[in-house]
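Chain by chain, the residues run as shown.
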Amino acid sequence: MAFRKIDIDALEEDAFGEDEIDFQEIGELRPVADVDAQVNSRAQEVSGNTSGALSTSLQNPPYGAPFHAAKARNTQTVMEVLNSIKVSDVPQLVKSLSPEEQDVLMKYLYAGMATPEQNNSGHLLAWHEKLTEVAGQGCIVRVITDRRTV
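The structure displayed is predicted, hence computed values, not measured ones. (Residues numbered from 1 in each chain as written. Predicted model: local features only at pLDDT ≥ 70, side-chain atom pairs only at ≥ 80, totals over all residues. Heavy atoms only, no water.)

A.B. asks: Tell me about the overall build of the chain, and name the residues and values.
C.D. replies: Across its full length, the chain carries 8 helices and 0 strands. If you list the helices and strands of the chain from N to C, you get α-α-α-α-α-α-α-α. The 150 residues of the chain split such that 37% are buried. Across the chain, every contact between residues at least 6 apart in sequence was considered, and the portion connecting residues at least 24 apart equals 74%. By element, 51% of the accessible surface of the chain is carried by carbon and sulfur atoms, the whole surface being about 9,100 Å². (Helix = DSSP H or I, 4+ residues; strand = E, 2+ residues; numbered from the N terminus. Buried < 20%, exposed > 50% of the residue type's maximum accessible area, 1.4 Å probe, protein only. Contact = heavy atoms within 4.5 Å. Areas by Shrake-Rupley, 256 points an atom, 1.4 Å probe, with all protein chains shown as cover.)

Okay, structure coming up:
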């Protein structure tokens with residue numbers, strides 16, 4: 001239930017689209033086939049290993065408009081890893097991540113919460129709470145202001 005009747009973002013001239021990011025300029029342009037192969041191999045690699053699976057699934061996330069299938073597959077992989085880990089183990093795992101991996105994890109948490117019918121929102125909120133305790137509120141600000149989405 002939206003309180004607005006008009007889509008304001010459609011009328012604004014400065015509306016930003018993900019396709020406007022020049023990934024070649026920032027050095028992150030990769031061939032689609034390479035990204036798809038990397039995401040698929042990562043999904044197979046983390047399927048049985050929960051200890052290093054979180055860190056592995058957060059490395060080199062696919063960014064950019066041409067990678068929609070890879071982004072969806074990687075999001076699914078990260079959600080499977082998050083759901084396979086007990087809530088009592090979350091603080092230790094979050095502390096073992098680098099700051100960059102913590103930011104990427106926060107992006108995936110928000111992506112997972114955007115589709116509550118597919119993911120366990122209560123479990124994701126528990127992850128969000130523990131991640132915010134460890135990484136601080138700066139992690140949230142960095143994720144919200146970063147234009148690269150997962």
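We are not done yet, so read on.
A.B. asks: How would you explain helix α8 (residues 137-145) if you had to name every residue and give the values?
C.D. replies: Listed in full, the buried residues belonging to α8 are Cys139, Ile140 and Val143. Looking straight down α8, one finds its buried side chains confined to an arc of 100°; they lie on one side. Facing away from the buried side of α8 by more than 90 degrees, the exposed set consists of Gln137, Val141 and Thr145. Packed against the buried residues of α8 are α6 (99-113) and α7 (121-135). (Arc of directions from axis to C-beta.)

A.B. asks: Could you give me a rundown of the pattern of salt bridges, with the residues and numbers involved?
C.D. replies: Per the stated rule, a full pass over the model turns up 3 salt bridges. The partner of Asp146 in a salt bridge is Arg148, and the shortest N-O contact between them spans 3.2 Å. (Salt bridge = Lys/Arg side-chain N within 4 Å of Asp/Glu carboxyl O.)

A.B. asks: Can you tell me about the nonpolar core, naming the residues and giving the values?
C.D. replies: Leu54, Leu58, Leu82, Leu105, Leu109 and Trp127 are the most contacted members of the largest nonpolar core, which has 25 residues in total. Looking at which element gives the most residues to this core, the answer is α6, with 5 residues. Setting aside residues up to four positions removed in sequence, Trp127 forms contacts with Leu54, Leu82, Ile85, Val90, Leu93, Val94, Leu105 and Leu109. (Core = buried A, V, L, I, M, F, W, Y, C linked by side-chain atoms within 4.5 Å.)

A.B. asks: Run through the layout of surface pockets, naming residues and quoting values.
C.D. replies: When its volume is computed, the largest pocket comes out at roughly 160 Å³. Taken together, 14 residues make up the lining of the largest pocket; nearest its centre are Tyr63, Glu100, Glu101, Val104 and Arg148. When contributions to the lining of the largest pocket are tallied by element, the ones reaching two or more residues are α6 and α8. When residues of the lining of the largest pocket are assigned to their parent elements, the largest contribution, 5 residues, is made by α6. For the lining of the largest pocket, a count of residues per class yields 5 nonpolar, 2 polar and 7 charged. (1 Å grid on protein atoms, 1.4 Å probe; cavity = no way out; pocket = protein on both sides within 12 Å on 5 of 7 lines; lining within 4 Å. Points joined across faces, edges and corners; volume = space filled by probe spheres on them. Nonpolar A, V, L, I, M, F, W, Y, C, P; charged D, E, K, R; others polar.)

A.B. asks: Describe the side chain of His128, naming the residues involved and giving the relevant values.
C.D. replies: Topologically, His128 is positioned in helix α7. By relative accessible area, His128 is classed as buried at 16%. When sequence neighbours within four positions are dropped, the list of residues in contact with His128 reads Met106, Leu109, Tyr110, Met113 and Ile140.

A.B. asks: Got a sec to walk through the packing of α6 against α8? Specific residues and values, please.
C.D. replies: One can describe the packing of α6 onto α8 by two numbers: an axis separation of 9 Å at closest approach and a directional angle of 65°. Relative to α8, the element α6 lies roughly perpendicular. Seen along the crossing, α6 lies across α8 with a hand that is right-handed. Between α6 and α8, the residues in contact are Gln102, Asp103, Met106, Lys107 and Tyr110 and Cys139, Ile140, Arg142 and Val143, respectively. (Axes fitted to C-alpha atoms, helices over the stretch in contact; angles between N-to-C directions. Parallel < 35°, antiparallel > 145°, perpendicular 65-115°, else oblique. Left-handed = near helix turned anticlockwise from the far one by under 90°.)

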